[in-house]
Amino acid sequence: MTESVIHLHPAGKLLALVGNPNCGKTALFNRLTGSNQKVANYAGVTVERKEGRLKSAAGKTLRLLDLPGTYSLHPRSPDERVTCDVLAGRARGEKKPDLVVCVLDATNLRRNLRLVLAVKRQGLPVVIALNMADLAASRGLSIDVDALSRELGVPVVRTIATKGEGIDELKALLDRPEVWTTREGVVTASSSSQEADHATVRDLLKRLGLDRHLPHLPSDRVDRVLLHPVAGPIILMVVLFLLFQAVFSWAEPPMDAIKAAVDWLGQTISGYLPEGLLRSLLVDGIIAGCGAVLVFLPQILILFFFILLLEESGYLPRAAFLLDRLMGSVGLSGRSFIPLLSSFACAIPGIMATRSIANPRDRLVTIMIAPMMTCSARLPVYALLIGAFIPQREVWGGLELQGLVLFGLYLVGIVGAFAVAWVLKRFTSAGSQVRPLMMELPIYHWPHARSIAIGLWQRTEIFVKRVGGVILTMTIVLWALSSFPGAPPGATGAPIEYSIAGWIGRGLSHLLAPIGFNWQISLALVPGMAAREVAISSLGTVYALSAAGEDAAQALTPLIASSWSLPTALSLLAWYVFAPQCLSTLAAVRRETGGLKMPAIMLAYLFGLAYLASFITFRVATWLLG
Ligand SMILES: Nc1nc2c(ncn2[C@@H]2O[C@H](COP(=O)(O)OP(=O)(O)OP(=O)(O)O)[C@@H](O)[C@H]2O)c(=O)[nH]1
Ligand SMILES: [Mg+2]
């Protein structure tokens, strides 16, 4: 009997969006399919293929792939390879696309058209979305769409993805049968040499009257200041600095409101339920635990508000450019900047974004240090400890001390990461010459209020899902471990001290006492492996249960302020700068590096660093204050 492989593909014709990085593919994808994939003003935002569905004007259902941007069909980095594989029909579980929608940045046809020639050579039917038509027009560029279409032998639609213009026209085009077949235009691209393609595009642009240089842009004038060798880095520091000030100074009113709502809920439920297990689970477990984390939502949103502004305006790659020299001195290239910056949101997308790094060694080093960038899950931990231990006062003429300490913690993470990168460069065998940064600087534009709002909403959703998912689950588990087997008759302490959790906490605190952690902290770190904020919800639960008997529902901040010493708090801050308290990050590293070796090394070295940093912090602080 012969066996044959049967490929089952979902019904519907397959379309693929292909184009240079940052030409607006994802913006177009979102408009066509109604999705909300990440759009931002720099190259290399999309690193995976994403699928969506769209309906043609006549109602036919089609499948659409959004792909990472690429300059050519000779992949240089893992993300470009995804696109090339899809076009060649080599992508796993996917057929060759039936139609390629080539998205062009109308303000940069010279480079964008070379890719069109390469795609046509693959023998796939092509339609062109001439995107960024608004920018082209504002730069005085008038492109004859019909002539372009004739020259290339493919339909061309003018689009403005951000405004949704040209979308209906594009959908109408998909109902025309001739679109789904290949045709030759005036231009033929039979030879595959790069020089030949250059010449073909040059002649084509000449015939269309588009071969002149574009005038200088306001962007260039702005860059003369923002990329200035002296002013540039200073402005960058000021921008980052203001960001951290805002995280503390703007967040207070909304945080107080959330705190009040959580307290009210706890008290109301306590009023209705008789004392017992159910009340303990709801009030001391779930509300005290999840509430302790939920109050940090405003700070996270303020942080992301700034990150989104920077992403959409086009400032980010400039920051990469400014830091390229600095990063070069530790053996990283500016290419690592965006993955590392994404890691400030969360290390996982940051680690995925390293797929745009062509050099495997650079990529690995970037992956290994990404978890040291301060992800937003650390923010609640930092904010809790800073709020409890750092006085709210102004220093040096108007700077908030709390914001300053937060800025410092972010800096320590960055400096630590750079130090590790430097060590990896010095002491690993892989060759490590640093190549100059070749990176596109997109033009600046004003962020759209809509995309900022969508971005913030998505962050809120992610955060609330974490609170309702992993944090809630771990809180309930910890509550159960903390409530059983219960205090023996005649016991004097709170029941938690006799529980399984109390036993685990005390066991671990032998190991962690040298760095100043008490048993409650030691215990909270265990479920805190699931996600960083879980440590906060765990402390909320543990302290609520420890206080059983008296009025339990008390805010965590004043509680730890009165029961921990300052060296302990500083030591825990130092711990959180380094400790790999996040299993999903380790899983992502495993996926991206294809094995257990790298995550194991990461786990060991980060815990080692965390212990060392906490030890030094605790000892020095004790000595200074004692
Ligand atoms: N003015 C203008 N901006 C646009 C248009 N289309 C997209 N943009 C902006 O261009 C930037 C890049 O858009 P994306 O959709 O992320 O680009 P992409 O091609 O998916 O980029 P990669 O995933 O990095 O390859 C974003 O800032 C968009 O808001 C357009 O038609 N006009
Ligand atoms: Mg994209």
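Parameters at a glance
Residues numbered from 1 in each chain as written. Chains lettered and ligands numbered in written order. Predicted model: local features only at pLDDT ≥ 70, side-chain atom pairs only at ≥ 80, totals over all residues. Heavy atoms only, no water. Helix = DSSP H or I, 4+ residues; strand = E, 2+ residues; numbered from the N terminus. Rg over C-alpha atoms; globule rule 2.2 N^0.38 Å. Buried < 20%, exposed > 50% of the residue type's maximum accessible area, 1.4 Å probe, protein only. Contact = heavy atoms within 4.5 Å. Areas by Shrake-Rupley, 256 points an atom, 1.4 Å probe, with all protein chains shown as cover. Lys, Arg positive; Asp, Glu negative; His and termini not counted. Charge placed at Lys NZ, Arg CZ, Asp CG, Glu CD. Near = heavy atom within 4 Å. Polar contact = N/O pair within 3.5 Å; in protein donor to acceptor, adjacent residues only side chain to side chain. 1 Å grid on protein atoms, 1.4 Å probe; cavity = no way out; pocket = protein on both sides within 12 Å on 5 of 7 lines; lining within 4 Å. Points joined across faces, edges and corners; volume = space filled by probe spheres on them. Nonpolar A, V, L, I, M, F, W, Y, C, P; charged D, E, K, R; others polar. pLDDT = per-residue confidence, 0-100. Core = buried A, V, L, I, M, F, W, Y, C linked by side-chain atoms within 4.5 Å.

Where an unreviewed UniProt entry is consulted, the protein chain appears under the name Ferrous iron transport protein B, with the organism given as Roseateles agri.

A. Seen up close, the overall build of the protein chain. When you go through the protein chain residue by residue, the secondary structure sums to 26 helices and eight strands. A compact globule built from 626 residues would reach a C-alpha radius of gyration of about 25 Å, and the protein chain, at 28 Å, matches this within 12%. Relative to its full complement of 626 residues, the protein chain shows a buried share of 51%. Pairs at least 24 residues apart make up 73% of the contacts formed inside the protein chain by residues separated by at least 6 positions. Taken as a whole, the protein chain presents about 28,400 Å² of accessible surface, with 63% of it coming from carbon and sulfur. Treating the 57 positive side-chain charges of the protein chain as one cloud and the 44 negative ones as another, the clouds have centres 6 Å apart.

B. Representation of the site of ligand 1 within the structure. Taken together, 25 residues are adjacent to ligand 1, and Lys25, Thr26, Ala27, Val45 and Thr46 come closest. Between ligand 1 and Asn22 there is a distance of 3.0 Å, counted from an oxygen atom to a backbone nitrogen or oxygen. In the environment of ligand 1, an oxygen atom lies 3.0 Å from a nitrogen or oxygen atom belonging to the backbone of Ala161. Compared with its free state, where it exposes 660 Å², ligand 1 has 98% of that area covered by protein.

C. How the structure looks around empty space enclosed by the protein. By the definition in use, this model includes two cavities of 30 Å³ or more. Reported here for the largest cavity is a volume of approximately 60 Å³. As for the largest cavity, its lining consists of Val381, Leu384, Leu385, Ile521, Ala524, Leu525, Ala535, Ile536, Leu539, Leu572 and Tyr576. Residue assignment for the lining of the largest cavity shows that the elements contributing at least two residues are α17 (378-389), α21 (519-525), α22 (534-546) and α24 (566-578). Its residues assigned to classes, the lining of the largest cavity comprises eleven nonpolar, no polar and no charged. Reported here for the second largest cavity is a volume of approximately 40 Å³. In this structure, the second largest cavity is lined by Pro371, Arg532, Pro580, Cys582, Thr585, Leu586, Met602 and Leu606. Taken together, the residues of the lining of the second largest cavity sort by class into six nonpolar, one polar and one charged.

D. Structural view of the confidence of the model for the protein chain. Across the protein chain, the average pLDDT comes to 86, with 94% of residues at 70 or higher. Across the whole predicted complex the pTM is 0.83, and at the interface the ipTM reaches 0.99.

E. The nonpolar core, seen in detail. The biggest cluster of nonpolar side chains holds 106 residues, and the ones touching the most others in it are Leu332, Leu385, Leu406, Ile560, Trp564 and Trp575. The element contributing the most residues to this core is helix α18 (residues 401-427), with ten residues. Those residues within four positions of Ile560 in sequence are excluded, and the remaining contacts are Leu384, Leu385, Ala388, Phe389 and Tyr543. Formed by 40 residues, the second largest nonpolar core is a distinct cluster that contains Leu14, Leu113, Leu152 and Leu210.

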